[in-house]
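Listed here are the chains, written in short residue letters.
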Amino acid sequence: STASAHNMGKDKGGIWGTQEKKKGGGGKKGPPSALDDDDGPKLGKKEAAAKAKMEQQMAALKEKGVQSMDCRHILVEKHSDAVKILTSINNGEIQFNEAARQHSIDKAGKCGLLGWMTKDQLDPAFWAAALEIPEGMYSPEPVRTQWGYHIIKIEGRK
């Protein structure tokens with residue numbers, strides 16, 4: 001939705017952030033994916049409704065086909081560094097854009113901004129992961145590419 005895409009930097013209340021807090025955090029896998037169908041903790045009514053809406057949006061996007069995505073990312077060399085940054089974002093200790101400015105080894109874009117990118121401009125693993133991320137949200141776990149580990153945020157899709 002366009003409303004969530006305009007909420008840049010408001011990562012504290014993200015679906016994954018609230019789930020992470022309820023689970024108590026920690027672990028080597030990073031925050032749980034809201035798209036996983038595991039037998040994790042029971043979701044509250046709000047979280048369940050948000051998950052259902054997100055799954056509907058993702059199904060619709062895959063049917064329509066996405067031509068380009070407005071992306072931000074945080075690129076680091078080590079998986080452990082990416083997990084630490086994600087934990088800080090999920091805990092509300094730092095906002096996504098500030099984390100990108102401070103930690104990303106890709107300094108080409110301000111605060112991690114890649115801009116509007118097409119499938120042929122991005123690593124296949126990056127593109128595939130980005131398709132799973134709802135607009136205005138960021139990846140629930142680091143995404144590995146040939147350049148390192150990314151935390152990806154999607155601002156919009158066309």
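Q: Explain the overall build of the protein chain here, please?
A: For the protein chain, the helix and strand inventory stands at six helices and four strands. For the protein chain, the sequential pattern of α-helices and β-strands runs α-α-α-β-α-α-β-α-β-β. Expressed as a percentage of the 158 residues in the protein chain, the buried residues total 46%. In the protein chain, once contacts between residues fewer than 6 apart in sequence are set aside, the share between residues at least 24 apart is 68%. In the form shown here, the protein chain has an accessible surface area of approximately 8,900 Å², with 51% of it arising from carbon and sulfur atoms.

Q: Before we go on, may I ask you to explain helix α6 (residues 124-131) in this structure?
A: Note on helix geometry: an α-helix contains 3.6 residues per turn, so any two residues three or four positions apart are oriented the same way. Looking at α6, one finds that the buried residues are Phe126, Trp127, Ala129 and Ala130. In an axial view of α6, the angular spread of the buried residues amounts to 165°, which keeps them on one side of the axis. Residues of α6 that are buried make contact with β1 (68-76), β2 (113-118), β3 (143-145) and β4 (148-157). By the N-cap criterion, in which a side-chain oxygen at the helix start approaches the backbone nitrogen of a residue two or three places on, α6 is capped by aspartate 123, the distance to alanine 125 being 2.8 Å.

Q: I'm lost on the sheet that holds β1 in this one. Help?
A: The strands making up a sheet are joined through hydrogen bonds of the backbone, oriented either antiparallel or parallel. As summarised here, the arrangement of the four strands in space is β2-β1-β4-β3, forming an open sheet in which the pairing is antiparallel. Each edge of the open sheet is held by one strand with a lone partner, namely β2 and β3. Neighbouring strand axes in the sheet, compared pairwise and without regard to direction, differ in orientation by 45° on average. Inspection of the sheet shows β3 paired to β4 by three bridges, in the antiparallel sense. Counterpart to arginine 144 in the pairing with β4 is tyrosine 149. Its contacts with the sheet put helix α5 (residues 96-103) on β1 and β4, and the angle it makes with β1 is roughly 50°.

Q: Would you explain the nonpolar core in this entry?
A: Taken as a class, soluble globular proteins show a tendency for nonpolar side chains to be buried jointly. Grouped together as the largest cluster of nonpolar side chains are 14 residues, with contacts concentrated most on Met69, Cys71, Leu122, Ile152 and Ile154. Mapped by element, the contributors of at least two residues to this core are β1, α6 and β4. The biggest single contributor to this core is α6, with four residues. Non-local contacts of cysteine 71, meaning those with residues more than four positions away in its chain, are made with Gly112, Leu113, Leu114, Gly115, Leu122, Phe126, Lys153 and Ile154. Among the nonpolar cores identified, the runner-up in size contains 13 residues, and Leu86, Ile94, Ala99 and Tyr138 belong to it.

Q: Would you explain the confidence of the model for the protein chain in this entry?
A: Detailed conclusions should not be drawn from predicted coordinates in areas where pLDDT is low. In this model, the protein chain carries an average pLDDT of 77, and 67% of its residues clear a pLDDT of 70 or more. Throughout residues 1-40 the model reports pLDDT below 50, and contacts reaching past four residues in sequence, or to other chains, amount to 73 contacts.

Q: I'm lost on α5 in this one. Help?
A: Of the residues making up α5, those classed as buried are Phe96, Asn97, Ala99 and Ala100. Down the axis of α5, the buried side of the element spans an arc of 160°, and every buried residue falls inside it. On its buried side, α5 packs onto β1, α4 (79-90) and β4.

Q: How do you make sense of the pattern of salt bridges when you look at a structure like this?
A: Any two side chains of opposite charge can pair, on the condition that their charged atoms come close. Summed over all chains, the structure comprises two salt bridges. Across the salt bridge formed by arginine 72 and glutamate 155, the nearest N and O atoms sit 3.1 Å from each other. Highlighted residues: arginine 72 in strand β1 and glutamate 155 in strand β4, separated in sequence by 83 residues. Since its relative accessible area comes to 9%, arginine 72 is described here as buried. Taking the shortest distance from any N to any O, the salt bridge between arginine 101 and glutamate 98 comes out at 2.5 Å. With arginine 101 and glutamate 98 both in helix α5 and three residues apart, this pair spans about one turn of that helix. With relative accessibility at 28%, the residue glutamate 98 sits in the partly exposed group.

Definitions and cut-offs
- Residues numbered from 1 in each chain as written.
- Predicted model: local features only at pLDDT ≥ 70, side-chain atom pairs only at ≥ 80, totals over all residues.
- Heavy atoms only, no water.
- Helix = DSSP H or I, 4+ residues; strand = E, 2+ residues; numbered from the N terminus.
- Buried < 20%, exposed > 50% of the residue type's maximum accessible area, 1.4 Å probe, protein only.
- Contact = heavy atoms within 4.5 Å.
- Areas by Shrake-Rupley, 256 points an atom, 1.4 Å probe, with all protein chains shown as cover.
- Arc of directions from axis to C-beta.
- Polar contact = N/O pair within 3.5 Å; in protein donor to acceptor, adjacent residues only side chain to side chain.
- Pairing = 2+ DSSP bridges.
- Axes fitted to C-alpha atoms, helices over the stretch in contact; angles between N-to-C directions.
- Core = buried A, V, L, I, M, F, W, Y, C linked by side-chain atoms within 4.5 Å.
- pLDDT = per-residue confidence, 0-100.
- Salt bridge = Lys/Arg side-chain N within 4 Å of Asp/Glu carboxyl O.

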